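The residues making up each chain are set out below.
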Amino acid sequence: MVGNHEGKGIPSRHALYFPEKGGRKYGTKIWDYSYRWNIDDLLGFVFPGEFSPVCHKIAVDYLEYLVEKGEVTYQDKVEFCNQHNYSINTLNKHIIPKLYRFGLIHRTREFPKTTAWNIKSKRRSYEHESQQFSSFLRKIADEWEAILNTGRLKRKHENQKQKETQKEIEKQEKQDWERWEKERALGC
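Residues numbered from 1 in each chain as written. Predicted model: local features only at pLDDT ≥ 70, side-chain atom pairs only at ≥ 80, totals over all residues. Heavy atoms only, no water.

Draft legend 1. Representation of the packing of helix α3 (residues 53–69) against helix α5 (residues 88–101) in the model. Contact geometry of α3 with α5 gives a least axis separation of 10 Å together with a crossing angle of 70°. Our classification of the angle between α3 and α5 gives roughly perpendicular. Together, Cys55, Ile58, Ala59, Tyr62 and Leu63 of α3 and Thr90, Leu91, Ile95, Ile96 and Leu99 of α5 make up the contact between the two elements. Residues of the contact of α3 with α5, tallied by class, amount to nine nonpolar, one polar and no charged. (Axes fitted to C-alpha atoms, helices over the stretch in contact; angles between N-to-C directions. Helix = DSSP H or I, 4+ residues; strand = E, 2+ residues; numbered from the N terminus. Parallel < 35°, antiparallel > 145°, perpendicular 65-115°, else oblique. Contact = heavy atoms within 4.5 Å. Nonpolar A, V, L, I, M, F, W, Y, C, P; charged D, E, K, R; others polar.)

So this is what it looks like as structure tokens:
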């Protein structure tokens, strides 16, 4: 267990942010499938600009840089931070771990070549883009759609069954009524 978070909700480092119900913030962006989002739009769910504008800006710039380069080494990260006047610690401790956790990037660590490795050795990391994020969300969306479709089919089947049962009851009542009328007509 990472920590006792009872009653405090999900820690932000593990949470996606979905703005107001129905996505009204995004307008046609969310409903028009021909509209292409950019990195800024996507990272609004991981680093919401309203709540963490600095992290959002750093993450957007870093991902644009990463997509452009394909792979980013530690030295590239230092140059990126110096060029944009960002903190390397913020990038390494807040931005990259969350991007990695959500599957937007893949991180690989390399061992120092000049020293013998031990548990305290500094391992430099480098990152490259990953499609794990889209794979997870696509799977979640597909499974939710399947659950909804199954529920709808069950309800439709149950409604059909109820209609058939109702028709059978009406048919039986009609037969009983006709039989009663015949018996009454014969008895008179």
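Draft legend 2. Seen up close, the sheet that holds strand β2 (residues 105–110). The three strands are arranged β1-β3-β2 in an open sheet whose pairing can be described as antiparallel. Since the sheet does not close on itself, it has two edges, and those belong to β1 (71–72) and β2, each with one partner. In this sheet, strand β3 (residues 124–129) lies alongside β1 in antiparallel orientation, the contact comprising two bridges. Opposite Glu71, over in β3, you have His128 as the bridge partner. (Pairing = 2+ DSSP bridges.)

Draft legend 3. Expanded view of the pattern of salt bridges. Inspection of the entire model under this criterion finds five salt bridges. Asp61 is the salt-bridge partner of Lys57, the closest N and O atoms lying 3.3 Å from each other. Residue Lys57 and its partner Asp61 are located together in helix α3, separated by four residues, close to a single helical turn. For Lys57, a relative accessible area of 45% translates into the label partly exposed. Given a relative accessible area of 10%, Asp61 falls into the buried group. The residue Asp76 makes a salt bridge to Lys69 at a minimum N-O spacing of 3.8 Å. (Salt bridge = Lys/Arg side-chain N within 4 Å of Asp/Glu carboxyl O. Buried < 20%, exposed > 50% of the residue type's maximum accessible area, 1.4 Å probe, protein only.)

Draft legend 4. View of the packing of aromatic side chains. Inspection of the entire model under this criterion finds five aromatic pairs. Ring geometry for Trp37 against Phe45: centres 5.6 Å apart, planes inclined by 15°, an arrangement best described as stacked. Judged by relative accessible area, which is 27%, Trp37 ranks as partly exposed. Here Tyr62 and Phe80 contribute two aromatic rings whose centre-to-centre distance is 5.6 Å and whose plane-to-plane angle is 70°, an arrangement assigned as edge-to-face. Within this pair, whereas Tyr62 is found in helix α3, its partner Phe80 is found in helix α4 (residues 74–84), the two being separated by 18 residues in sequence. Taken as a pair, Tyr62 and Phe80 share a single burial class, namely buried. Members of the aromatic cluster, joined through ring pairs, are Tyr62, Tyr65, Phe80 and Tyr86. Above the face of the Tyr100 ring, Arg107 is positioned so that its terminal group lies 4.4 Å from the ring centre. (Phe/Tyr/Trp six-rings, centres within 6.5 Å; stacked < 30°, edge-to-face > 60°. Lys NZ or Arg CZ within 6 Å of the ring centre and 35° of its normal.)

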